[in-house]
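Coordinate analysis (summary)
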Amino acid sequence: MIAALLPLKKVLHNSKYLLFGTILLLGVVVVFNQMVQTESWGLNPYIDDNGWWRAMVDKVFSEDHQTDPVKVSNAWRSNYTPPTWKPEFKGRANLHAFEDWCGTSTAALRKNGHFPLYPHTRTTVKKLAVNPKWSNYGLRIFGYLHPHTDGEFSIAVSSEDNSEFWLSTDDSPLNVKLLAWVGKTGTEWAVPGEFDKYASQTSGPIKLSSQRRYFFEVLYVQDDKGTGHVEVAWKLLNQDFGFTIIDSKHISLYASESGLLPSDVSTIPQTAASHHHIPSKQPGATADMLREEPRDTFYRVPLVSSNFLKGVLADCSYKPSYTLKGVRVPRYQGIHMVRLSYIYPNDYTRLTHMESDETCIYQEHPSDMKTNGFSKYIIPDGPEEKSTTDFAKPLQDEEEASDLTGTKSVPNDEKDHVVRRKKSVSDDKEDFPVRKKKSLLDDAEYFPVRRRKSVLDDKEDFPVRRKKSMLDDKEYFPVRRRKSVLDDKEVFPVRKRKSVFDDKKDFGFQRRRSVFDDNEDFGFRRRRSVRNDEEEFDAEADQKEVWPGLRNNPLFPDTYSRKHLREKEIEKNMPLQLDLKMSTPTAKVSYQDLQALQSDQVNFGCNLVGNVQLSSSEALPLVKAFMDKLEAKHPGLFRLGRVINVVKRVDEVRGSRYLLELEVIDSSGKLLRLSQYIYNLNRSGRRRRRDTTVKELKPPPLLCNPMGFQWNPAATVHIIVPVKNQARWVQQLITEMERLFKETQDTNFNLIITDYSSSDMDVKKALEKSSLYRYDYLKLSGNFERSAGLQAGVDLVKEKHSIVFLCDLHLHFPSNIIDAIRTHCVEGYMAFAPVVMRLDCGAAPYDARGFWEVQGFGLLGIYKSDLEAVGGMNTKEFKDTWGGEDWELLDRILEGGLDVERIYLRNFYHNFHSKRGMWVT
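Every chain begins its residue count from 1, and numbering advances along the sequence as written. Since the coordinates come from a predicted model, pLDDT governs what is reported: local features require at least 70, and pairs of side-chain atoms require 80 or more to be given and counted, while whole-chain, interface and lining totals use all residues. The side-chain quantities take in all heavy atoms of the structure and omit both hydrogens and water.

1. Structural notes on the pairing of strand 32 (residues 835–839)
Exposure is judged per residue with a 1.4 Å probe applied to protein chains only, and the accessible area is read against the type maximum: over 50% gives exposed, under 20% gives buried, and values in between give partly exposed. Starting at the N terminus, helices and strands are each numbered in turn, a helix being any DSSP run of H or I of at least four residues and a strand any DSSP run of E of at least two. Counting buried positions along strand 32 yields 4 of 5 residues, so the element is predominantly enclosed. Only when DSSP finds a minimum of two bridges between them are two strands counted as paired. Two strands pair when backbone bridges link them, and strand 32 and strand 36 (residues 904–910) are joined in this way by 3 bridges, in the parallel orientation. Along strand 36, the bridge assignment pairs V835 with Y904.

This is how it looks when you write it as structure tokens:
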């Protein structure tokens, strides 16, 4: 019976029809699901003729932003509590301003570390059209939209720089979607009320109900140019009226924020619009410093037990020659006495992405760089020699040319390729190359034009002085003669520095530039020249040549004006170049080891250069020598995995100090961290050169263990920060410390905040609510004093053998900051002053645009016992002001005989901030 109802043979025979029906059914299901989703938004793609471009633009935008509503919802849904809405909220919307922030795109606003929770200003607006009179700021306007009727609306946005309009499907901020925007790159703009300049400015049809309210959000960015404005308008699609601004009748507050402190952020909605995740490390980042590097996470590797390192090297006393114990340092001169350490391998702290053509890293003077570029690094090859002509001789040096001509040689620093004429000659077809080092004599040969020796034909040589020029093969003619006429047999006056040649001889001459080919075409060095109407200069032609020197001579009635002559020169000279045949020039280029030219002196005039690099020819033999000693002490126990970090502090008198940080593998295959200071003594007390070459390491190094000079991996680090009325920055500092503890799980660091009675937040309560493992809080009174605040924090530390890190408030810390402070602080011997990178306005840590703060020493790690020994902070002299207290403390540290390690620290940033309103009393 079943077989009769369902004949399998027929079904199998017509399988292609069955497959087609299945595909058709699936297509219907997909279309139905799409219609259901569209209905949930109230979208009707058939109403608006522009629905096709909306879909296209939405696709492009979604590819760039890649916001996942599911992830956004999951991240905040557990903490989201809908605020209580009240009828009195109608008529206004919330406005948050983020001041002193550069950029023209909404992506730039999202880089702001305070966005969206910590705005500078919280206020309200009465309609969605604002015209602030500020510069360099970003706005976030949000609240509820109340439609006046049911229907399908189109919403549009216009702004001076970039802006975005987001709307939720209901009253929840978690369901917002981007509907309209002005640009994404920061270059787009529109005038007030212009809603149709870009396709993205206007949304597709949106079905709204007057019985509901919808959460909306506007983002807007304005730089320091133009007239700042942003407005949002809407219109019903079934009416002929244009767009109208959304006014107070149709908006309401999300929440009332009157009377709230800057630290109260519970009423600030977090949405997909306000959060755009960008990774802190980017594999394809423009800045090399942002790439993943083993140093950044080496602190996670377990340390080799110090017991295995005892006895590997012989002990020696550590008494560097450069310490200044007992020597008085002049006021504020300590910064010039601190030296940099050499680093291996390259840590990419050189800010190559911030370099311009006139960079301070290279040795050229800016004016030379602008004129000559990098020409001194490249030497053009000489012309190919030919046996058939004297022109095939290589370029002679200045000295030889001087001997031949009897003239004074040109100084070496004059660039051969610089052509000193005012203007190049060109026509409307092709530019004439005026900056070449060589002139082209014919279709096969190059001729050196700068040498002092003139080259004649292959029959005879003539000493050609500058005031003479040969016109034919028989006579000389003075070139400075005022008047003369030349036809096919006679001499004509040549006032310019130009020689004229016949078709029988080639000539050398004194001009800087000249061009010849087989047909006697030539270029001109002089400032003015006139040619006849023929393509080539022909002495036998019937055409007359009118020269500027005879422009008023009655014998020549056809004399042209000087302007007309110049136009004819431009018109007639360039065709000569079209027939030239030039071979591809080659050059000699040498390897430029610019790092080897750097010294350990701090270059205060260059804030892009980064750490001084140690050559592998010095670092690797030293590592091998140490590993040989370790192998001799513990045979087969450890083998070298890779070299993570080598830090060298030069001492030219007694020997250099090295920090070796090596990844080693024990006999069980476990990765371990070996981090050890060693000393490489000079032989026979001779001074060592700074040149880091293999010759310095021969004979084998005299390695020893500097007694007492070892870092303590268990030392507690106390980060001390004084504050007053900086709520948003204090909260960011606490967040940074929470991140550090989460990433490192280091229980031996402590945050100490000394608070000058801040009125904009409860700092103590914020610390109590944080996830920090250790913290201390001290409330002070009076005006803000940095020196006194830091010293009060130091006094809270009871353990003298712990490290205090005198810190600033506006910092972004690398994950290895605690380990770096421990590693480079040695009690009784050395303090640590890392160089921080100061970010530009509008820059964030993940794009690293800025410069190194080479003159600042306010970030300092030092053992408390050492700080007390030099007298602590100067609280008397720097009582009501700050600035200079770091240099004064550095002077005393050096006078106390301590060394100061100075290293550019990767991923250590000082966030941009305005000083307006800071530390108000």
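2. Describing the nonpolar core
Nonpolar side chains in soluble globular proteins tend to end up buried together. Counting 51 residues, the largest nonpolar core has I719, M737, I753, F813 and F908 as its most contacted members. Sort the elements by how many residues they give to this core and helix 13 (residues 727–744) lands first, with 8 residues. For the domain bounds, the source is a domain assignment made automatically or taken from a database. Counting only domains with at least three residues in this core, you end up with domain 2 (294–353 + 611–682 + 698–707) and domain 3 (717–910). Note on contacts: a residue pair is in contact if any heavy atoms of the two residues lie within 4.5 Å. If we ignore the near neighbours within four places in the chain, the residues touching M737 are I719, F749, L751, L772 and F813. Counting 46 residues, the second largest nonpolar core, distinct from the first, contains L309, V612, L839 and A843. To form a nonpolar core, buried Ala, Val, Leu, Ile, Met, Phe, Trp, Tyr and Cys residues must be joined to one another through side-chain atoms within 4.5 Å.

3. What about the state of the cysteines?
By definition, a disulfide links two cysteine residues through a covalent bond between their sulfur atoms. Cysteine sulfurs are considered disulfide-paired once they come within 2.5 Å of each other. Throughout the structure, instances matching the rule amount to 2 disulfides. One disulfide in the model links C102 with C841; its S-S distance is 1.9 Å. The sign of the S-S torsion, about 100 degrees, decides the handedness of the disulfide formed by C102 and C841: right-handed. Taken together, the residues C102 in the loop between strand 1 (93–99) and helix 6 (106–111) and C841 in the loop between strand 32 and strand 33 (850–852) connect sequence positions 739 residues apart. Overall, C102 belongs to the partly exposed group, its relative accessible area being 22%. A residue is classified by how much of its surface remains accessible, and C841, at 19% relative accessible area, is buried. The residue that forms a disulfide with C316 is C704, at a sulfur-sulfur distance of 2.0 Å. Taking the sign of the torsion about the S-S bond as the criterion, the disulfide between C316 and C704, at about 65 degrees, is right-handed. Here C316 is found in strand 13 (residues 315–316), whereas its partner C704 is found in strand 25 (residues 702–706), with 388 residues between them in sequence.

4. A few points about the pattern of salt bridges
Counted as salt bridges are all cases of a side-chain nitrogen of Lys or Arg within 4 Å of a carboxyl oxygen of Asp or Glu. Within this structure, the stated rule accounts for 29 salt bridges. Close ionic contact of E885 with R786 constitutes a salt bridge, the shortest N to O distance being 3.0 Å. Within this pair, whereas E885 is found in helix 18 (residues 885–895), its partner R786 is found in helix 15 (residues 786–796), the two being separated by 99 residues in sequence. Residue E885 shares its accessibility class with R786, and that shared class is buried. Salt bridges linked by common partners bring R649, R657, D899 and E901 together as one network.

5. Considerations on helix 13
One full turn of an α-helix is made of 3.6 residues, so residues set three or four places apart face in the same direction. Taking 1.5 Å per residue as the helical rise, helix 13 with its 18 residues ought to reach 26 Å, and the 26 Å between its terminal C-alpha atoms agrees with that figure. Turning to helix 13, the residues buried within the fold contact strand 26 (717–723), strand 27 (749–755), helix 14 (763–769), strand 30 (811–812) and helix 16 (817–823). In the stretch just after helix 13, Q745 is the one whose phi turns positive, near 55 degrees. To estimate the expected span of a helix, subtract one from its residue number and multiply by 1.5 Å.

6. Regarding the sheet that holds strand 13
Strand order in the open sheet made by the 7 strands is 13-25-24-23-22-14-21, with mixed pairing throughout. The open sheet terminates on both sides in strands that have one partner only, identified here as strand 13 and strand 21 (612–613). Across 3 bridges, strand 24 (residues 671–681) lies against strand 25 in antiparallel orientation. Looking across to strand 25, one finds that Y679 is bridged to C704.

7. Concerning helix 18
With 9 of 11 residues buried, helix 18 lies mostly within the body of the structure. All buried positions along helix 18 are accounted for by E885, D886, E888, L889, L890, D891, R892, I893 and L894. As for helix 18, its buried residues are in contact with helix 15, strand 29 (803–806), strand 34 (860–863), helix 17 (864–869) and strand 35 (899–901). Looking one or two residues past helix 18, G897 carries a phi angle of roughly 90 degrees, positive in sign.

8. Examining the packing of aromatic side chains
In this scheme Phe, Tyr and Trp rings, the latter by its six-membered ring, pair at centre separations within 6.5 Å, and the angle between planes marks the pair as stacked below 30 degrees, edge-to-face above 60, and tilted otherwise. Taken as a whole, this structure holds 21 aromatic pairs when the rule is applied. Between Y137 and Y220 the ring centres are 6.1 Å apart and the planes differ by 70 degrees, which places this aromatic pair in the edge-to-face class. With Y137 in strand 4 (residues 137–145) and Y220 in strand 9 (residues 214–222), this pair connects stretches of sequence that are 83 residues apart. By relative accessible area, which is 1% here, Y137 ends up buried. For Y220, a relative accessible area of 0% puts it in the buried group. By way of ring pairs, the aromatic residues Y318, Y677, Y679, F709 and Y829 are connected into one cluster. Directly above the aromatic system of W189 lies the positively charged group of K197, at a separation of 3.6 Å from the ring centroid. A positively charged side chain is recorded as over a ring if its NZ (Lys) or CZ (Arg) lies within 6 Å of the ring centre. The angle to the ring normal must also be within 35 degrees. Of note, R649 hangs over the ring of Y322, and the distance from its end group to the ring centre comes to 3.8 Å.

Geometry only, nothing functional implied.
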